[in-house]
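Single-letter residue listing:
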Protein chains: 2
Amino acid sequence: MSKKLTPRSQDYSKWYNQLVVEADLAENSAVRGSMVIKPYGYAIWEKMQSDLDRRFKETGHENAYFPLFVPKHLFEAEEKNAEGFAKECAVVTHYRLKNDPDNQGKLIVDPEAKLEEELIVRPTSEAIIWSTYKNWIQSYRDLPILVNQWANVVRWEMRTRLFLRTAEFLWQEGHTAHATKAEAIEEAEKMNEVYAEFAREVLAIPVIKGRKSPSERFAGAVETYCIEALMQDGKALQAGTSHFLGQNFAKAFDVKYTSKEGKQEYVWATSWGVSTRLMGALIMSHSDDQGLVLPPKLAPYQVVIVPIYRKQEQLDQITEVAEELMKEFRDKGIRVKFDHRDTHKPGWKFAQYELQGVPTRIAIGPKDLEKGTVELARRDNLSKEFIQRNEVVDRVVALMDEIQDSLYNKALDFQESHTTKVDTFEEFKEVLEKKGGFIAAHWDGTEETEQKIKELTKATIRCIPDKQEKEAGKCVLTNSKSEGRVLFAKAY
Amino acid sequence: MSKKLTPRSQDYSKWYNQLVVEADLAENSAVRGSMVIKPYGYAIWEKMQSDLDRRFKETGHENAYFPLFVPKHLFEAEEKNAEGFAKECAVVTHYRLKNDPDNQGKLIVDPEAKLEEELIVRPTSEAIIWSTYKNWIQSYRDLPILVNQWANVVRWEMRTRLFLRTAEFLWQEGHTAHATKAEAIEEAEKMNEVYAEFAREVLAIPVIKGRKSPSERFAGAVETYCIEALMQDGKALQAGTSHFLGQNFAKAFDVKYTSKEGKQEYVWATSWGVSTRLMGALIMSHSDDQGLVLPPKLAPYQVVIVPIYRKQEQLDQITEVAEELMKEFRDKGIRVKFDHRDTHKPGWKFAQYELQGVPTRIAIGPKDLEKGTVELARRDNLSKEFIQRNEVVDRVVALMDEIQDSLYNKALDFQESHTTKVDTFEEFKEVLEKKGGFIAAHWDGTEETEQKIKELTKATIRCIPDKQEKEAGKCVLTNSKSEGRVLFAKAY
């Protein structure tokens, strides 16, 4: 049998770490806080990338590539951004190693190859990009600039976890430049909606769309829009953010344009990003004690065929059937794998594909050959059925949508049943402790209260939801006036 | 009118640099030696990526992602590799900045945040990957490992040029592990052939396939296979390399497997890569004094439609025609753009799309509306024809293959007419100086002779071609025995 995971009920965090490694998604590397994304995990990330990339292009964006390094004088130009990232950035100071004279075969940094100016490994690219946009923008005709880049970034996080928080991670970062404030806000909101749709339609994760409180904003942003998802353990996870940056970066890098009326104006900016963190959100939204559960749209293989046989002759017959099925599956656009390895037993394979979240599994044995049937198993609810061989392809095709929808609805039920309105701080603490999830509570709008609640409960304001009834009330902590509920939760 | 380039005949190098910038492919950045790849250039690179990625997957490879940083003790483990890259690598020594107490608003490296061990920004990933493979490989059942990664790498080159030689560049690097020497050699040769096919079929660049001389091998390789292309100025460009690494990295990182017979054996390795340098090869193979010439397979837009009008009413009518054409083009899988901007004149647009190498251009004016015609221009040979509107889509579809083939054949003619057999060193120098190109000459096989020829002529051995008649002869410099001709050239 394959490796058994620690049950979620026993230790959610341990379950998560084991699942990531055992399902061959990622592992820790020799570099502190940096992960290796293994082929199976990367194949899922590639599917996310290609779907997102299509959505970006459909909304008028183009890809480009900007340098990995940010010279220090550019890094520090936008003060709040610099302040926000200075404490966790990797710094290149030298450009050469030399042989260690005291230690044969070893290398040391060559002190003569010290850089005149340090280079920061990008934690985010506003600084390097806006120093570039300065040369791209002269007139209103040059606007808007709608650019995205797929890249690696580095943030020297002290406590790291595979996918959720790593020193290096992969992401996309959109950086747009606009002639007007209204257009930039529209862009930031639109991209937050693109993320929300992607989460719902592809990740099968329901998300709450909203804005961050001032203290949770991106460093350098005027407004941060976000999508927040709820994990199975009742903790929230920020799945994507989109920032209206105002004219902060345009002013820091002196980026002006000549308007139609001939006036010099500062440019308005947005930036927006999602990262390999989404892999963590995906895992913690759908998976179970048997392992990963993948939405069909993201599964590298949507169906795997496992032969059950004793004799070579049986395998030959099963292979013939499997090859016909594979052809039919491929014609219907279904990603299929036939695992006829003789190095592993069927039981091991079943457990392995369960662990790796393959949405459906077909087993074919000698009796099936006689009867013209196959056994079809479904990963999400672990159900099995025997089905006529000539019906199985259509059934699997139908199951792809069925499973995708079912995962979404299950996650939505969970989110709804774990969103609790509370009106007193006692209730707040009780719900947070006993049930977790989102807590919809009134807040007086001050940073002190937010900070105080965080200290007392570890819960933070995840977002000020876009969709909510106007409702006057009193702050759950201070009893001061509040104009609407915000969502609190403990968060990843 | 758009900007005019310096003619190639006048200054090839200046022509190249101007073209890259004016055609919106790339530009220098604020970071020494690092470039910004602009959206139009990146769109071409994306097409290269997606075609290569498909070829890698069809040959059984999977993508993964490994860390950007290499801890120094891993970097130095394989001695030759370390020696080869130590002199040009960016080194991270600190992980934090702090406020400069002497200079408000400025940041300095925090001396308290010095890393215990320096991190090298990967110049290539053998070291980090083989330290990972050690944990992935126990038994022959774990082999082969066929993995590729798309990544950025950094080599601190002193003299840089857009695309051709930059401190940071984008590439893919395949890293495979095998049970036997024969299988690893087969893999290295196969991937070199994949590169050659890609160059021929997609880039429309004929390449010479062969092996490098020992002194030109990748640091750490036992054998380096390569594809070499010839640029219009008679200089060669190494377009891709594939390395048989023997057991060098397996030994450096102690990677062994248990064979079927139960014996412990070191693993055999390959690595192979192509980079954004291919953009340089593409430009210098096909382009002309008017600008970029793109093979249709790589063109972000394969046809652009430009309206010619005086009155809004005319534009409306042309737009109607253009929209019908666009629909037909899209149905046939042709990438089409309709440039109806009123901020630029038709003449400016014509020059711009010539500069950017769009393979075909359709102009529609009031007279065309009357006659039911359009003007169709072809970028590669700058020819024009008037054609019936209902024939233009099929004509453009046919032109895509015609242009792709024509570019290849033209480049092949050039390569063949610029490959010269020489038998004396006088002739060698004369051909190199007056004509350039590949010089097929006998060489005695020693590094001294290779080095001496380089000193005397700046030409190096580009490759020992796979395809050549066995022919005994005498070294062009030393008169010593030679068993076949090798290709010399000056190179990028």
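Look up a bit, the structure's there.
Now for a description of the structure that goes with this document. Since this is a predicted model, take the numbers as computed values, not measurements.

### Considerations on the packing of aromatic side chains
Alright, step 1. Counting across every chain of the model gives 32 aromatic pairs over all chains.
Alright, step 2. Both rings, one in Phe56(A) and one in Tyr195(A), keep their centres 6.3 Å apart while their planes meet at 75°; by these two values the pair is edge-to-face. Taken together, the residues Phe56(A) in helix α2 (residues 39–58) and Tyr195(A) in helix α6 (residues 181–203) connect sequence positions 139 residues apart.
Alright, step 3. Phe56(A) gets classed as buried once you look at its relative accessible area, which sits at 1%.
Alright, step 4. You can call Tyr195(A) buried: its relative accessible area is 1%.
Alright, step 5. Within the aromatic cluster, the residues linked to one another by ring pairs are Trp45(A), Phe56(A), Trp150(A), Tyr195(A) and Trp272(A).
Alright, step 6. Note that Arg361(A) overlies the ring of Phe350(A), its terminal NZ or CZ placed 3.9 Å from the centroid.
Alright, step 7. The lysine or arginine in question, Lys235(B), covers the ring of Tyr492(B), its NZ or CZ lying 4.3 Å from the ring centre.

### Observations regarding the interface of chain A and chain B
Alright, step 1. If you look at the interface, chain A gives 63 residues, while chain B gives 63 residues.
Alright, step 2. When chain A packs against chain B, the two sides together hide about 5,300 Å² of surface, and 67% of this comes from carbon and sulfur.
Alright, step 3. The salt bridge partner of Glu46(A) is Lys57(B), with a shortest N-O separation of 3.2 Å.
Alright, step 4. The interface formed by chain A and chain B includes 30 residue pairs in polar contact (both at pLDDT 80 or more).
Alright, step 5. Considering only residue class, the side of chain A that touches chain B consists of 37 nonpolar, ten polar and 16 charged.
Alright, step 6. Bridge analysis of strand β5 (residues 91–94) of chain A against strand β5 (residues 91–94) of chain B gives three bridges, and the strand direction is antiparallel. In the sheet register, Val91(A) faces β5(B), and the bridge partner there is His94(B).

### Observations regarding the relation of the copies chain A and chain B
Alright, step 1. With an axial shift of 0.0 Å and an RMSD of 0.0 Å, the rotation relating chain A to chain B amounts to 180°. In the structure described here, the two chain copies are related by an operation that fits a two-fold rotation axis. When C-alpha distances to the rotation axis are compared across chain A, the minimum falls at Val92(A), with a value of 2.1 Å.
Alright, step 2. Here 100% of the contact residues of chain A are again contact residues in chain B; the copies associate through an equivalent surface.

### Here we look at the environment of Ile461(A)
Residue and element names in this part refer to chain A.
Alright, step 1. When you line up the elements, Ile461 lands in strand β24 (residues 460–465).
Alright, step 2. Judged by its relative accessible area of 0%, Ile461 falls in the buried class.
Alright, step 3. With sequence-adjacent residues up to four places away left out, Ile461 is seen in contact with Ser213, Glu216, Trp443, Glu450, Val486, Leu487 and Phe488.

### Let's talk about the packing of helix α1 (residues 12–22) of chain A against helix α8 (residues 277–286) of chain A
All names here are of chain A.
Alright, step 1. Direction vectors running N to C along α1 and α8 enclose 115°, while the axes themselves pass 11 Å from each other. Both α1 and α8 take part in a crossing whose hand is right-handed. Here α1 contributes Tyr12, Trp15, Tyr16, Leu19 and Val20 to the contact with α8, which in turn contributes Gly280, Ile283 and Met284.
Alright, step 2. For the contact of α1 with α8, the per-class residue count stands at seven nonpolar, one polar and no charged.

### Here's the deal with α2(A)
Residues and elements named next belong to chain A.
Alright, step 1. Between its first and last C-alpha atoms α2 spans 28 Å; for 20 residues at 1.5 Å apiece the expected length is 28 Å, and the two agree.
Alright, step 2. Counting buried residues along α2, 15 of its 20 residues qualify, which places the element largely inside the surrounding structure.
Alright, step 3. Taken from the residues just after α2, Gly60 is the one with a positive phi, measuring 90°.

### So, the pattern of salt bridges
Residue and element names in this part refer to chain A.
Alright, step 1. Taken as a whole, this structure holds 72 salt bridges over all chains when the rule is applied.
Alright, step 2. A salt bridge links Lys38 to Glu27; the shortest N-O distance between them is 3.7 Å. Of this pair, Lys38 sits in the loop between β2 (35–37) and α2 while Glu27 is found in strand β1 (residues 26–28), placing the two residues eleven residues apart along the sequence.
Alright, step 3. With a relative accessible area of 12%, Lys38 lands in the buried category.
Alright, step 4. On the basis of relative accessible area, Glu27 is assigned to the buried category, the value being 13%.
Alright, step 5. Glu430 is the salt-bridge partner of Lys434, the closest N and O atoms lying 3.7 Å from each other.

Reading the values: rules and limits
Residues numbered from 1 in each chain as written. Chains lettered and ligands numbered in written order. Predicted model: local features only at pLDDT ≥ 70, side-chain atom pairs only at ≥ 80, totals over all residues. Heavy atoms only, no water. Phe/Tyr/Trp six-rings, centres within 6.5 Å; stacked < 30°, edge-to-face > 60°. Helix = DSSP H or I, 4+ residues; strand = E, 2+ residues; numbered from the N terminus. Buried < 20%, exposed > 50% of the residue type's maximum accessible area, 1.4 Å probe, protein only. Lys NZ or Arg CZ within 6 Å of the ring centre and 35° of its normal. Contact = heavy atoms within 4.5 Å. Buried area = accessible area lost by both parts, 1.4 Å probe. Salt bridge = Lys/Arg side-chain N within 4 Å of Asp/Glu carboxyl O. Polar contact = N/O pair within 3.5 Å; in protein donor to acceptor, adjacent residues only side chain to side chain. Nonpolar A, V, L, I, M, F, W, Y, C, P; charged D, E, K, R; others polar. Pairing = 2+ DSSP bridges. Least-squares fit on C-alpha atoms with pLDDT ≥ 70 in both. Axes fitted to C-alpha atoms, helices over the stretch in contact; angles between N-to-C directions. Left-handed = near helix turned anticlockwise from the far one by under 90°. Expected span 1.5 Å × (residues − 1).

So, to be careful, I would describe these as geometric facts and stop short of saying anything about function.
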